[in-house]
Amino acid sequence: MTSPDLIRTDVVIIGAGPAGMLLSHLLAADGVESVVVETRSAEYVAARIRAGILEHSTVDLLRQHGLADRLEREGDEHRGIYLAWPGEKHHVDFVDLVGRSVWVYGQTEVQKDLVAAREAAGQQVLYECGDVTLHDLESDAPFVELVHEGRTVRVQGRVVAGCDGSFGPSRAAVLEGVRTTWERVYPYSWLGILADVAPSTDELIYAWHPDGFAMHSMRSATVSRLYLQVPNDTPVQDWSDDRIWTALAERLGHGHDGWELTPGPITEKSVLPMRSYVQTPMRHGSLFLAGDSAHIVPPTGAKGLNLAVADVGLLAPALVDLVRKRDPRLADQYSDAALRRVWRCTHFSWWMTTMLHTAGDAFDTQLQLSQLRWVASSEAGRAGLAENYAGLPIGF
Ligand code: APR
Ligand code: PHB
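All residue numbers refer to positions counted from 1 along the written sequence of the respective chain. Each chain is given a letter, starting from A, and each ligand a number, starting from 1, according to the order in which they appear as written. The model is predicted, so local features are restricted to residues of pLDDT at least 70 and side-chain atom pairs to those at 80 or more, both for listing and for counting; the totals for chains, interfaces and linings are taken over all residues. Here the side-chain values reflect all heavy atoms present in the structure, with hydrogen atoms and water set aside.

**Student:** Honestly, the site of ligand 1 in this entry has me stumped. Any pointers?
**Tutor:** The criterion for a residue being near a molecule or strand is simple. One of its heavy atoms has to lie within 4 Å of it. The environment of ligand 1 is made up of 24 residues, and the closest members are Ala-19, Glu-38, Arg-50, Pro-169 and Asp-292. Polar contact criterion, stated in full: a pair of N or O atoms within 3.5 Å, where within protein one must be able to donate a hydrogen and the other to accept it, and residues adjacent in sequence count only if both atoms are side-chain atoms. Interatomic distance of 3.0 Å between a backbone N/O atom of Ala-19 and an oxygen atom of ligand 1. Gln-107 places a side-chain nitrogen or oxygen 3.1 Å from an oxygen atom of ligand 1. Protein contacts shield 86% of the accessible area of ligand 1, which totals 720 Å² for the unbound molecule. Secondary structure elements follow DSSP: runs of H or I of four or more residues count as helices, runs of E of two or more count as strands, with numbering from the N terminus. Listed by contribution, the elements that provide at least two residues to the shell around ligand 1 are α1 (18-29) and α9 (304-325). The Shrake-Rupley method, run with a 1.4 Å probe, gives the accessible areas here. Residue values count only the displayed protein chains as cover.

**Student:** For this particular structure, what's the right way to read helix α11 (residues 362-377)?
**Tutor:** In an α-helix there are 3.6 residues to a turn, and that puts residues three or four apart on one side. With 16 residues, α11 extends 23 Å between its outermost C-alpha atoms, agreeing within 8% with the 22 Å of an ideal straight helix rising 1.5 Å per residue. When accessible area is computed with a 1.4 Å probe and restricted to protein chains, residues below 20% of their type maximum are described as buried, those above 50% as exposed, and intermediate ones as partly exposed. Along α11, the residues that are buried comprise Gln-368, Leu-369, Leu-372, Val-375 and Ala-376. On an axial view of α11, the arc spanned by its buried residues comes to 130 degrees, and they lie on one face. Opposite the buried face of α11, by more than 90 degrees, sit the exposed residues Phe-363, Gln-366 and Ser-377. Looking at the buried side of α11, the elements it contacts are β6 (80-85), β7 (88-93), α10 (329-356) and α12 (379-390). For α11, the capping residue at the N-terminal end is Asp-361, with a side-chain oxygen 3.1 Å from the backbone nitrogen of Phe-363. Residue count minus one, scaled by 1.5 Å, sets the expected span of a helix. Directions are taken from the helix axis to each C-beta atom, and the arc is the one they span. Contact between two residues is taken to exist if any of their heavy atoms lie within 4.5 Å; hydrogens are not considered.

**Student:** Can you help me understand the layout of surface pockets in this one?
**Tutor:** Which parts of space are left empty comes out when a probe the size of a water molecule is rolled across the atoms. Within this scheme a cavity is a closed region of a 1 Å grid, computed over the protein atoms alone, that accommodates a 1.4 Å probe without allowing it to escape, whereas a pocket is open but has protein on both sides within 12 Å along at least five of seven lines; lining residues each have an atom within 4 Å of a point. Grid points are joined across faces, edges and corners, and a volume is the space filled by probe spheres set on the points. Roughly 340 Å³ of volume is contained in the second largest pocket. Elements that contribute at least two residues to the lining of the second largest pocket include exactly α4 (69-74) and α6 (107-120). Considering only residue class, the lining of the second largest pocket consists of 8 nonpolar, 5 polar and 5 charged. Looking at which domains feed residues into the lining of the second largest pocket, each of domain 1 (5-52 + 106-179 + 281-359) and domain 2 (183-274) supplies at least three. Residues are grouped as follows: Ala, Val, Leu, Ile, Met, Phe, Trp, Tyr, Cys and Pro are nonpolar; Asp, Glu, Lys and Arg are charged; every other residue, Gly included, is polar. Domain segmentation is taken from an automatic or database assignment of domains.

**Student:** When you look at unusual backbone geometry in this model, what are you seeing that I'm missing?
**Tutor:** Glycine aside, residues mostly have negative phi angles, and peptide bonds mostly take the trans form. Of note, the bond from Thr-280 into Pro-281 is cis; its omega dihedral lies within 30 degrees of zero at -5 degrees. One can find Pro-281 in the loop between β18 (266-280) and β19 (283-284). The backbone phi angle of Arg-326 is positive, close to 55 degrees, even though this residue is not glycine. By the element assignment, Arg-326 lies in the loop between α9 and α10. A residue is classified by how much of its surface remains accessible, and Arg-326, at 56% relative accessible area, is exposed.

**Student:** Would you explain the pattern of salt bridges in this entry?
**Tutor:** Side chains that carry opposite charge are capable of pairing whenever their charged atoms lie near each other. By convention in these notes, a salt bridge is any Lys or Arg side-chain nitrogen within 4 Å of a carboxyl oxygen on Asp or Glu. Inspection of the entire model under this criterion finds 19 salt bridges. We note a salt bridge from Arg-151 to Asp-5, for which the minimum N-O separation is 2.7 Å. Highlighted residues: Arg-151 in strand β12 (residues 151-156) and Asp-5 in strand β1 (residues 5-8), separated in sequence by 146 residues. For Asp-5, a relative accessible area of 27% gives the class partly exposed. Glu-55 is paired through a salt bridge with Lys-303; the nearest N and O atoms lie 2.5 Å apart. A residue pair is termed long-range when its members are at least 10 positions apart, and Glu-55 in the loop between β4 (53-54) and α3 (56-64) and Lys-303 in the loop between β21 (295-296) and α9 qualify at 248 residues.

**Student:** Explain the environment of Trp-239 to me, please; I cannot follow it from the model alone.
**Tutor:** Note that Trp-239 resides in the loop between β17 (224-230) and α8 (241-252). C-alpha of Trp-239 to C-alpha of Lys-269: the two residues are 30 residues apart in sequence and 9.1 Å apart in space. In this structure, Trp-239 is in contact with Leu-191, Leu-228, Val-230, Thr-234, Ile-244, Ala-247, Arg-251 and Lys-269, ignoring residues within four places of it in sequence.

**Student:** Would you mind showing me how to read the sheet that holds strand β10 (residues 130-135) here?
**Tutor:** By way of backbone hydrogen bonds, the strands of a sheet pair with one another, either parallel or antiparallel. A pair of strands is labelled paired if DSSP reports no fewer than 2 bridges between them. Here we have 4 strands laid out as an open sheet, ordered β1-β12-β11-β10, and mixed in their pairing. What marks the edges here is a single partner per strand, and that holds for β1 and β10. Taken over all neighbouring pairs, the strand axes of this sheet differ in orientation by 20 degrees on average, direction set aside. Axis definition: a line fitted to C-alpha atoms, over the contacting stretch in the case of helices. Angles run 0 to 180 degrees between N-to-C directions.

**Student:** Got a minute to help me understand empty space enclosed by the protein in this structure?
**Tutor:** As enumerated under the stated definition, the model contains 2 cavities of 30 Å³ or more in all. Taken together, 13 residues make up the lining of the largest cavity; nearest its centre are Ala-51, Gly-52, Met-215, Tyr-227 and Ala-302. Among the residues forming the lining of the largest cavity, the class breakdown is 9 nonpolar, 3 polar and 1 charged. Taken domain by domain, the lining of the largest cavity gets at least three of its residues from each of domain 1 (5-52 + 106-179 + 281-359) and domain 2 (183-274). One number sums up the size of the second largest cavity: a volume of about 40 Å³.

Geometric descriptors of this kind do not, in isolation, establish any biological role.
This is the structure we're talking about:
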């Protein structure tokens, strides 16, 4: 048997999504080397459709690290969102309430900007790897083995960062008996569309409706992104373009106070399941989890990428201290520190989801409407939503 090709580095990063690429960027800024390993092709990773909201602290972090030039040019700063239900529509102004805005800038674009920045800096990324396995995680010389371009490769580091999303091998590499998982599955999914039509709203609309939740988001001045609550396992073919636009108009309040939804050509349609999932701890020996490998949130509130960025904002300085100064203090605190925010966002996403989606229970309906009225009419209610939506500071 031939021995594997050996690559040595400081940090082996599994996964070239937003968490992995941002981590490689922040580590490099402090002189820590990394190698990123990824199962998919560069094209696939760059094109994946993602949500569209960046919270305040995400934008701050991207700015601090020179990653926000295109965001500043092409992104759109929003003061808040609209909450709607039949006969009602209320603006929740985050800037007035908590002094923080959010940015509408496709997370797909963030990924492209990260890849471009890492390519320009000569980052080593091994795309299209097969058979990725993790080894010796309880030592200080862990390694990842994989097959790349037909050869077995061993990438050895001081630590491994598991940024490989919810289907990657890292989360399962935390041993049974060590890991605990918490999960909530919801009895509904989202049908998401992209349409070549100017948005019919200046800011996002989140709408409760007895037929189910609907949302109007956007990608640019000419591209809209909209969602409808549908039952789990709904085949996308059940929803013709006409049926989608009719349901969106009804649920989003077309006609109320003269507001109109303008339909347009649909360019993409898909059904997205929803769940909440947290795995703890986020560190096991030399393995550190960040992003979707440790937690999944339902998309109501758009926390997925923002949470991944917040994890990496804590993990990067911890790994810099560990690798360069042999100082383990921040690394030892990482899991607890990250999980504080993870649970806050898990709660917020669950709260938004269960307030806005209908599950057919008449008692729940009354509670939801009462909650919506309170949030919309009380400054404390609005401020709570605003503080969580616009995002708590890094390190919360
Ligand atoms: N080996 C290497 N890479 C892997 C493996 C594996 N065995 N399995 C999965 N991956 C890769 C995936 O192909 C993907 O590119 O890991 C990457 C994980 O990326 P994401 O799933 O995007 O997760 P993350 O980087 O944590 O992003 C967080 O961004 O846009 C949001 O909603 C998205 O919540 C998500 C968030
Ligand atoms: C999106 O634009 O895709 C989006 C925005 C807000 C959400 C979820 C998705 O809560």
